[in-house]
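Residues per chain, in single letters:
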Amino acid sequence: MEPGLEELMPRLLPVGDCDLAEDFDPSVPPRTPQEYLKRVQIEAARCPDVVVAQIDPRKLKKKPTVNISISGCQPAPEGYSPTLKWQQQQVANFSAVRQSLNKHRNHWRSQHLDSNVTMPKSEDEEGWKKFCLGERVYSEIDALSDNENLGIDYLKVGFPPLLSIVSRMNQATVTSVLEYLISWFGEKKFTPELGRWLYALLACLEKPLLREAHSLIRQLARRCSEVRALEESKNEEQISALNLIICLVSRYFDQRDLADEPS
């Protein structure tokens, strides 16, 4: 390295000459701090000044693309923006639910599941969509037949997020199922079944959030705001559910740039 560059880029380990034993061997593990630092200097001196990467041009035929959205949430329809007091109350309720879930997780995990409950494997995306939403929602069947109304068939209407079910889900599974449902929601309408599962999965997310979970919940909040803005019938119950998810993502999980401005 040139002397001028040496002054601009001072050494991170400014070590002078060390008094080393005559039998010092840089190929064996260091026995003293001085031997360790000397070995680092020797290895650094062997590194080339310029390294050229060997790139296979066949792998560069397609330009990689990364879709990153930094936009916030769309505002609520006029007259439907939640008050600050309402948002604070929802955060307090949600916090209590999370504390109760964590406190009693081992108890609920030990409970036996009904014989008709078979939880899909973590990587089974279609299986989880059907498990949570049911065949009726997943296949977009408008109504159940009269015979089906005689009893609840959870395979058709979806299993609710029972504590005995969600308590068995580790963080990897929680994140995966959240990703599956958000992906489904990206192209489909909002339903009560979806809302219940989204709330339960958010309640199971551990803080601090992993990077993947952080990205997912922001995507979820933005999607909720899009659906809310396009809600033509002004279904108050559905708008309230969408407001709730946006509120929890923005105010409980500290994504304040996505928060609704209080009405």
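Residues numbered from 1 in each chain as written. Predicted model: local features only at pLDDT ≥ 70, side-chain atom pairs only at ≥ 80, totals over all residues. Heavy atoms only, no water.

Caption draft 1: Representation of the overall build of the protein in the model. A count of helices and strands for the protein gives 10 helices and 0 strands. Each helix (α) and strand (β) of the protein, taken in turn from the N terminus, gives the series α-α-α-α-α-α-α-α-α-α. Within the span of the protein, comprising 263 residues, buried residues form 33% of the whole. Summarising the internal contacts of the protein: among those between residues at least 6 apart in sequence, 71% fall at separations of at least 24. Only carbon and sulfur atoms are counted for the fraction: they give 52% of the accessible area of the protein, which is about 17,800 Å². (Helix = DSSP H or I, 4+ residues; strand = E, 2+ residues; numbered from the N terminus. Buried < 20%, exposed > 50% of the residue type's maximum accessible area, 1.4 Å probe, protein only. Contact = heavy atoms within 4.5 Å. Areas by Shrake-Rupley, 256 points an atom, 1.4 Å probe, with all protein chains shown as cover.)

Caption draft 2: Inspection of the side chain of Arg223 at higher detail. Topologically, Arg223 is positioned in helix α9 (residues 211-229). Under the relative-accessibility criterion, Arg223 is labelled buried at 18%. Ignoring anything within four residues of it in the chain, the contact list for Arg223 reads Phe185, Gly186, Glu187 and Lys188.

Caption draft 3: Molecular detail of helix α10 (residues 236-252). The end-to-end C-alpha distance of α10 is 23 Å, a good match for the 24 Å that 17 residues give at a rise of 1.5 Å each. For α10, the buried fraction is high: 13 of the 17 residues fall into the buried class. At the N-terminal end of α10, a side-chain oxygen is found 3.0 Å from the backbone nitrogen of Glu237, two or three residues along, and the residue is Asn235. Asp254 lies just past α10 and shows a positive phi near 60 degrees. (Expected span 1.5 Å × (residues − 1). Polar contact = N/O pair within 3.5 Å; in protein donor to acceptor, adjacent residues only side chain to side chain.)

Caption draft 4: Highlighting the nonpolar core. Counting 49 residues, the largest nonpolar core has Leu181, Trp197 and Leu198 as its most contacted members. Looking at this core, the elements that each hand over two or more residues are α3 (84-109), α4 (125-138), α6 (163-166), α7 (171-185), α8 (192-204), α9 and α10. Non-local contacts of Trp197, meaning those with residues more than four positions away in its chain, are made with Trp128, Phe131, Cys132, Phe159, Pro160, Pro161, Ile165, Val166, Met169 and Leu181. (Core = buried A, V, L, I, M, F, W, Y, C linked by side-chain atoms within 4.5 Å.)

Caption draft 5: Layout of the environment of Asp153. By secondary structure assignment, the location of Asp153 is in the loop between α4 and α5 (154-157). In this structure, the C-alpha to C-alpha distance between Asp153 and Asn116, residues 37 residues apart in sequence, is 9.8 Å.

Caption draft 6: Representation of the packing of α4 against α8. With their axes 10 Å apart at the nearest point, α4 and α8 run at an angle of 165 degrees to one another. The orientation of α4 with respect to α8, classified from their angle, is roughly antiparallel. As α4 runs across α8, the sense of the crossing is right-handed. Every residue of α8 that contacts α4 at Trp128, Phe131, Cys132, Leu133, Arg136 and Val137 is listed here: Glu193, Leu194 and Trp197. Its residues placed into classes, the contact of α4 with α8 shows 7 nonpolar, no polar and 2 charged. (Axes fitted to C-alpha atoms, helices over the stretch in contact; angles between N-to-C directions. Parallel < 35°, antiparallel > 145°, perpendicular 65-115°, else oblique. Left-handed = near helix turned anticlockwise from the far one by under 90°. Nonpolar A, V, L, I, M, F, W, Y, C, P; charged D, E, K, R; others polar.)

Caption draft 7: How the structure looks around the pattern of salt bridges. Counting across every chain of the model gives 7 salt bridges. Across the pair Glu125 and Lys129 runs a salt bridge whose closest N-O atoms are separated by 3.0 Å. Pair noted here: Glu125 and Lys129 are both in helix α4, with a separation of 4 residues, about one helical turn. By relative accessible area, Lys129 is classed as buried at 8%. Arg228 is paired through a salt bridge with Asp260; the nearest N and O atoms lie 2.9 Å apart. Within this pair, whereas Arg228 is found in helix α9, its partner Asp260 is found in the segment after α10, the two being separated by 32 residues in sequence. For the pair formed by Arg228 and Asp260, the shared burial category is buried. Several salt bridges converge on common partners, so that one network encompasses Glu125, Glu126 and Lys129. (Salt bridge = Lys/Arg side-chain N within 4 Å of Asp/Glu carboxyl O.)

Caption draft 8: Quick peek at α7. When the terminal C-alpha atoms of α7 are compared, their 21 Å separation across 15 residues agrees well with the 21 Å that a helix rising 1.5 Å per residue should span. Most of α7 is tucked away: 11 of the 15 residues are buried. Inspection of α7 places Thr173, Val174, Thr175, Ser176, Val177, Leu178, Tyr180, Leu181, Ile182, Trp184 and Phe185 among the buried residues, and these make up the whole buried set. Against the buried residues of α7 lie α4, α8, α9 and α10. In this structure Asn170 caps α7, since a side-chain oxygen of it lies 3.3 Å from the backbone nitrogen of Ala172.

Caption draft 9: Up close: the packing of aromatic side chains. Evaluated as defined, the whole model comprises 8 aromatic pairs. Seen from their ring centres, Phe94 and Tyr199 are 5.4 Å apart, and the 80 degrees between their planes marks the pair as edge-to-face. Here Phe94, found in helix α3, pairs with Tyr199, found in helix α8; they are 105 residues apart in sequence, far enough to count as distant. The class of Phe94 is buried, set by a relative accessible area of 0%. In this structure Tyr199 comes out as partly exposed when scored by relative accessible area, which is 25%. Among the aromatic residues, those joined into a ring-pair cluster are Phe94, Tyr199, Tyr252 and Phe253. The lysine or arginine in question, Lys207, covers the ring of Tyr252, its NZ or CZ lying 4.5 Å from the ring centre. The aromatic ring of Phe185 is capped on one face by Arg223, whose charged end is 5.2 Å from the ring centroid. (Phe/Tyr/Trp six-rings, centres within 6.5 Å; stacked < 30°, edge-to-face > 60°. Lys NZ or Arg CZ within 6 Å of the ring centre and 35° of its normal.)

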